[in-house]
Amino acid sequence: MRDWIAYITIIFISVACSREPGKVETVEQQVAFIQRPEHGLHKKQECEVNTVELSYKPTQQLVMQEMGTTVDPVLCDSLKRNYDKYMYFIMTVTPAAGHKLYEPLESMQQYYDLVQTLAFRMNEYVSAKVGDKRVYSKATYFDQLYGITNSLSCMIVFDRAELQEETSFSISIKEFGLRTGICAFEFSNDDINNCPIIEKK
């Protein structure tokens, strides 16, 4: 397994920007780095009933997740090229203290409409402002863990080249049914480029 992780690391280092990112040994350490506010990769907005968080998700995690224990340099190259066309973020919604996640919903029909929105129409509610240009998400993927956690999450996918046209961009998420209002999260491409690479010792 270390062989293919090392191979992925070499690929990521070879395409790194002039400001080389640091290195960590595990996915957990990479996630911990992202979660620290000072690194600019995890944003939070507290709303009336729920709290919305948005975190950058590195391409390397997606490649490793799909590779599993497989050692195949050709497949790794192919996955890297495919995933690198896009930039990924995880939106998480959790209830504020003293509230319940679905508290704003007044009927089963509203719950059904919310699930349909999250599963099939969420990309209509997400966009990014890059300079004077408004760009829209290419896809969203709702994590359907009904009743397992007291939160919901959705992966949001943008075209990487569009977000990198300026040094920073702002992702907006419109009200989609949980009384969050319009949420806006500012990200810097320098911060994203400085996300550490996973490298086993």
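I will try to describe carefully the structure that is included in this document. (Residues numbered from 1 in each chain as written. Predicted model: local features only at pLDDT ≥ 70, side-chain atom pairs only at ≥ 80, totals over all residues. Heavy atoms only, no water.)

1. Examining the nonpolar core
And then number 1: Within the largest apolar cluster, 35 residues are counted, with the highest numbers of intra-cluster contacts made by Phe89, Met91 and Ile173.
And then number 2: Listing elements by their share of this core, those giving two or more residues are strand E3 (50-57), strand E4 (86-95), helix H5 (108-121), strand E5 (126-130), strand E8 (152-159), strand E9 (168-173) and strand E10 (183-188).
And then number 3: Those residues in contact with methionine 91 that lie beyond four places of it in its chain are Val52, Glu53, Leu54, Met122, Leu152, Ser153, Cys154, Ile156, Ile173 and Phe176.
And then number 4: With ten residues, the next largest nonpolar core counts Leu62, Cys76, Leu79 and Met155 among its residues. (Core = buried A, V, L, I, M, F, W, Y, C linked by side-chain atoms within 4.5 Å. Buried < 20%, exposed > 50% of the residue type's maximum accessible area, 1.4 Å probe, protein only. Helix = DSSP H or I, 4+ residues; strand = E, 2+ residues; numbered from the N terminus. Contact = heavy atoms within 4.5 Å.)

2. A closer look at the side chain of threonine 117
And then number 1: Looking at where threonine 117 falls in the secondary structure, it is placed in helix H5.
And then number 2: Assessed through its relative accessible area of 5%, threonine 117 is described here as buried.
And then number 3: Apart from residues no more than four positions distant in its own chain, threonine 117 is found in contact with Met122, Tyr125 and Phe176.

3. Re the environment of threonine 51
And then number 1: Inspection of the secondary structure puts threonine 51 in strand E3.
And then number 2: Residue threonine 51 is classed as buried on the basis of its relative accessible area, which comes to 10%.
And then number 3: Sequence-wise, threonine 51 and threonine 92 are 41 residues apart; in three dimensions their C-alpha atoms are separated by 8.1 Å.
And then number 4: If we ignore the near neighbours within four places in the chain, the residues touching threonine 51 are Lys44, Gln45, Glu46, Thr92, Val93, Thr94 and Ala96.

4. Points about the pattern of salt bridges
And then number 1: Within this structure, the stated rule accounts for five salt bridges.
And then number 2: Of the charged contacts in the structure, one is a salt bridge between arginine 36 and glutamate 38, with a shortest N-O distance of 2.7 Å.
And then number 3: A residue is classified by how much of its surface remains accessible, and arginine 36, at 44% relative accessible area, is partly exposed.
And then number 4: Take glutamate 38: its relative accessible area is 54%, and that puts it in the exposed class.
And then number 5: When the shortest N-O distance is used, the salt bridge between glutamate 165 and lysine 133 registers 3.3 Å. Here glutamate 165 is found in the loop between helix H6 (160-163) and E9, whereas its partner lysine 133 is found in strand E6 (residues 133-136), with 32 residues between them in sequence.
And then number 6: Note on lysine 133: relative accessible area 34%, which makes it partly exposed.
And then number 7: Several salt bridges share partner residues, and in doing so they unite Lys80, Asp84 and Arg160 into one network. (Salt bridge = Lys/Arg side-chain N within 4 Å of Asp/Glu carboxyl O.)

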